[in-house]
Amino acid sequence: MKLSYLMVMAFVFAAQAVASGTVSGSSGATEGKAVLAVSDETLPGTAQGNVPTAMTNVYGRDYTLLNGKWNVIVDLYDQGRKMEVYRNRKPQKPEEFYEYSFDGGMRLNVPGDWNSQYPELMYYEGTVWYARHFDAVQEPGKRMFLYFGAVSYRCNVYLNGDLIASHEGGFTPFQVEVTGHLRPQDNFLCVEVNNRRTADAIPALAFDWWNYGGITRDVMLVTVPEVYVSDYFIQLDKHRPDVIHASVTLSDAVSREVRLDIPELGISRDLVTDGKGQASVSFKAKKLQRWSPDCPKLYDVSISCSGDSISERIGFRNIEVDGTRILVNGEPTFMRCISFHEEIPQRMGRAFGMADAQMLLSEAEALGVNMIRLAHYPQNEYTVRLAEEKGIILWQEIPVWQGINFSDAGTQAKAERMLTEMIMRDRNRCAVGFWGVANETKPSPERNAFLTSLLETGRSLDTTRLYVAAFDLVYFEKSTGHFEMHDDFTDNLDVVAVNKYMGWYHPWPVDPSEAVWDVCADQPLIISEFGGEALYGQHGSSDETSSWSEEYQARLYRDNIEMFSHIPNLAGVSPWILFDFRSPYRFHPTNQEGWNRKGLVSDQGQRKAAWYIMRDYYREKRQ
Ligand code: GCU
């Protein structure tokens, strides 16, 4: 039975209703305790009110960070649930004992992956129980939520001994309401985190990056009014330079007056939400300065309703396709792109905060980019928001990476959920120009159905951004002497992207100067991955791939740049990748040592010769 996304969401809504005690259910909810029915298949993050995902702009809310050292128990054989470690019991009688305690043992930094914090956890794939105590003042007339920026890869959340939420997906936020479940002192929060790879997961059993596990982003206790602005979406019309569309959703299906202000544009609109708690308005904005890479203008925007007010800085831009060109604010724009994983190589760990965002983005800026492909999954909000402040267009994608179980209904529902959580978190970020739905998938009816459904979901939430997917199906057709690709799915996309490693995985069939492409000729084409490996400081022949030398990588870049001039519908390029990154795929004992060395910058932050070639190419493209 195909579990549609809406069916999954209905189930989540029902579970949430039970958790909030508003309806009795067969979930085992007992008097005064709300327990979510959790099958082996973990539930997506619990829904809340009108919005099937976490509240928008959590950093603009009244929150307390629950970051810092958490106590942990490593549970390789998954015994902790049976032992009910989440109840944190202590012996009360002489004959009582418990074979666990969270006190005095291992501790992990939150946010942060566990792999980089203890050598013995470097390769760990399994369950780790995180726990901490916290006090909470439950103000009358207020609601409280626990909000997780991301937990990799799946988790169950327990509060004061009760299971209150579950979530699957390592790169998007979720929340759970805890109003009425908190004690003034000493609340015990326990999170069962598991990063085991499974065939029905996204990504699935094998992927070319490190399988970091842990509570990898901020954890917050958020206080909001009884009825609050749970979601809003404010953006420029897809094509018109001066019409803004705004929609507001309240946490509850009630009619309330809502006010929208953009002071610098002299905009004030009074709205009234309908019986579903929703309202929308469109209006002309005179003298609007559109956001662009050269002028990343952001406006203060605030939305308020009785008792609640939320504000943030929002930019307005148009991004659209015209034939084979990508237009930003009506201007044909070549995408000078780069990719990076959410990883700080020097720390050998997952990036999570502002300091990390500054390091990654400053190196991208130095290369001269106007776009970043945040590979291969939604990255943290610090990176997204800082890129926006810097005027860098973003491609964000969900990790539908190569071998996904496209015929599994549960996997489909997970992908829909991840895409929804990604879009709902970032659709007010004008820097995001592209939503990516897949990387290197193979043509099949199941794959086409899976991705078509994702595009429908995406376009139902956000009609203005460009939808893209990366393919690795381009081949050299001897009979025509051209590079070609035949995948019947590409017509469904706004932009087609191709990963092609000429000079690395694929020797040149012709001289780069004769490498003519005839790929999706009537659509914009982005080379979303190209490149090759080099060990920083290793020198050798520019003719030998196996030299892993800076000279060979530099020559490879020069050859690919030559090829780019023979791709008539080329709308952008993105080298793979900015930094060397960790991958269990990479076995070579001296050239790789568990690192993918395609970085233009080494794992120690040193620029390789190819970096300068790419920087010069982008300088030329900018003129
Ligand atoms: C693929 C894939 C990347 C991978 C790269 C490589 O194209 O999309 O995730 O890291 O190739 O082989 O280095």
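These numbers were taken from a predicted model, which means no experiment stands behind them.

Trainee: Any chance you could explain empty space enclosed by the protein here in plain terms?
Mentor: Empty space among the atoms can be located by rolling a probe the size of a water molecule over them. The final tally for this structure, using the stated rule, is eight cavities of 30 Å³ or more. For the largest cavity, the lining is made up of 16 residues, of which S152, Y153, P203, F207 and N211 are closest to its centre. Across the lining of the largest cavity, the residue classes break down as nine nonpolar, four polar and three charged.

Trainee: Just checking my understanding: could you explain the environment of N448 for this structure?
Mentor: Among the secondary structure elements, N448 is positioned in helix α6 (residues 445-461). With 320 residues separating them in the primary sequence, N448 and V128 have C-alpha atoms 36 Å apart. Ignoring anything within four residues of it in the chain, the contact list for N448 reads D488 and F489.

Trainee: Looking at this structure, how should I read the domain arrangement of the chain?
Mentor: It is common to give the size of an interface as the accessible area lost on bringing the parts into contact. Its domain assignment divides the chain into domain 1 (5-224), domain 2 (238-317) and domain 3 (321-622). Each side of the interface is counted separately: domain 2 has 14 residues, and domain 3 has 21 residues. A combined buried area of about 1400 Å² lies between domain 2 and domain 3, and 48% of that area is made up of carbon and sulfur atoms. Of all residues in domain 2, K238, W291 and R317 bury the most surface against domain 3, accounting for 42% of the area lost on that side. Summed over the shared surface of domain 2 and domain 3, the result is four salt bridges. As a salt-bridge pair, D294 and R622 come within 3.5 Å of each other at their nearest N and O atoms. Across the contact surface, domain 2 and domain 3 share ten residue pairs in polar contact (both at pLDDT 80 or more). Looking at side-chain class alone, the side of domain 2 that touches domain 3 contains six nonpolar, two polar and six charged residues.

Trainee: Before we go on, may I ask you to explain the confidence of the model for the chain in this structure?
Mentor: Interpretation of this model should avoid reading the predicted coordinates in detail wherever pLDDT is low. Residue-level pLDDT values for the chain average 92, and 92% of them are 70 or greater. Of the regions scoring below 50 in pLDDT, residues 1-51 engages in 107 contacts with residues more than four places distant in sequence or in other chains.

Trainee: I'm lost on the packing of helix α3 (residues 354-367) against helix α8 (residues 609-622) in this one. Help?
Mentor: The axes of two packed helices give the description: the angle between them and the distance between them. Where α3 meets α8, the axes come as close as 8 Å, and the angle between the chain directions of the two elements is 60°. Listed contacts from α8 to E363, A366 and L367 of α3 are W611, M614, R615 and Y618. When grouped by side-chain class, the residues that make up the contact of α3 with α8 number five nonpolar, no polar and two charged.

Trainee: I would appreciate a short explanation of the site of the ligand in the present structure.
Mentor: Around the ligand lies a shell of 14 residues, among which D208, H376, E440, Y505 and E529 are the nearest. Here W401 contributes a side-chain N or O atom positioned 3.0 Å from an oxygen atom of the ligand. Contacts to the ligand include E440, whose side-chain N or O atom sits 2.3 Å from an oxygen atom. Compared with its free state, where it exposes 320 Å², the ligand has 95% of that area covered by protein.

Trainee: Quick question: what am I supposed to make of the packing of helix α5 (residues 409-426) against α6 here?
Mentor: Orientation of α5 relative to α6, taken along the N-to-C sense of each, is 30°, at an axis distance of 10 Å. What the angle tells us is that α5 and α6 run roughly parallel. For the element pair α5 and α6, the recorded crossing hand is right-handed. Taken together, the residues of α6 that come into contact with α5 (itself represented by T411, Q412, A415, E416, L419, T420, I423 and M424) are A449, F450, S453, L454, T457, G458 and L461.

Trainee: Quick question: what am I supposed to make of unusual backbone geometry here?
Mentor: Among all residues save glycine, negative phi is the norm, and among peptide bonds the norm is trans. Note the cis peptide between V110 and P111, where omega equals 0°. Position of P111 among the secondary structure elements: in the loop between β3 (107-110) and β4 (127-134). Here the amide bond leading from A375 into H376 is cis, since omega sits at -20°, within 30 degrees of zero. Checked against the element boundaries, H376 lands in the loop between β24 (371-374) and α4 (381-390). For N329, which is not glycine, the phi dihedral falls at a positive 55°. Tracing the backbone through its elements, the reader meets N329 in the loop between β19 (325-328) and β20 (331-332). Here N329 falls in the buried class, since its relative accessible area comes to 12%. In this structure, E440 takes a positive phi of about 60° despite not being glycine.

Trainee: Please explain the packing of aromatic side chains as it appears in this structure.
Mentor: Scanning the model with the defined rule gives 31 aromatic pairs in all. The interplanar angle of 70° and the centroid separation of 6.4 Å between the aromatic rings of Y100 and F102 together place this pair among those described as edge-to-face. Looking at F102, the relative accessible area reads 1%, which means it is buried. Between the aromatic rings of F530 and F564, the centroid separation amounts to 4.9 Å while the plane-to-plane angle is 80°, which identifies the pairing as edge-to-face. Note that F530 is positioned in the loop between β32 (525-529) and α7 (550-564) and F564 in helix α7, a separation of 34 residues in sequence. F564 sits in the buried class, given a relative accessible area of 3%. The structure contains a cluster of three or more aromatic residues connected by ring pairs, namely F171, F207, W209, Y377, W401 and Y585.

Cut-off values and rules
- Residues numbered from 1 in each chain as written.
- Predicted model: local features only at pLDDT ≥ 70, side-chain atom pairs only at ≥ 80, totals over all residues.
- Heavy atoms only, no water.
- 1 Å grid on protein atoms, 1.4 Å probe; cavity = no way out; pocket = protein on both sides within 12 Å on 5 of 7 lines; lining within 4 Å.
- Points joined across faces, edges and corners; volume = space filled by probe spheres on them.
- Nonpolar A, V, L, I, M, F, W, Y, C, P; charged D, E, K, R; others polar.
- Helix = DSSP H or I, 4+ residues; strand = E, 2+ residues; numbered from the N terminus.
- Contact = heavy atoms within 4.5 Å.
- Domains from an automatic or database assignment.
- Buried area = accessible area lost by both parts, 1.4 Å probe.
- Salt bridge = Lys/Arg side-chain N within 4 Å of Asp/Glu carboxyl O.
- Polar contact = N/O pair within 3.5 Å; in protein donor to acceptor, adjacent residues only side chain to side chain.
- pLDDT = per-residue confidence, 0-100.
- Axes fitted to C-alpha atoms, helices over the stretch in contact; angles between N-to-C directions.
- Near = heavy atom within 4 Å.
- Areas by Shrake-Rupley, 256 points an atom, 1.4 Å probe, with all protein chains shown as cover.
- Parallel < 35°, antiparallel > 145°, perpendicular 65-115°, else oblique.
- Left-handed = near helix turned anticlockwise from the far one by under 90°.
- Buried < 20%, exposed > 50% of the residue type's maximum accessible area, 1.4 Å probe, protein only.
- Phe/Tyr/Trp six-rings, centres within 6.5 Å; stacked < 30°, edge-to-face > 60°.

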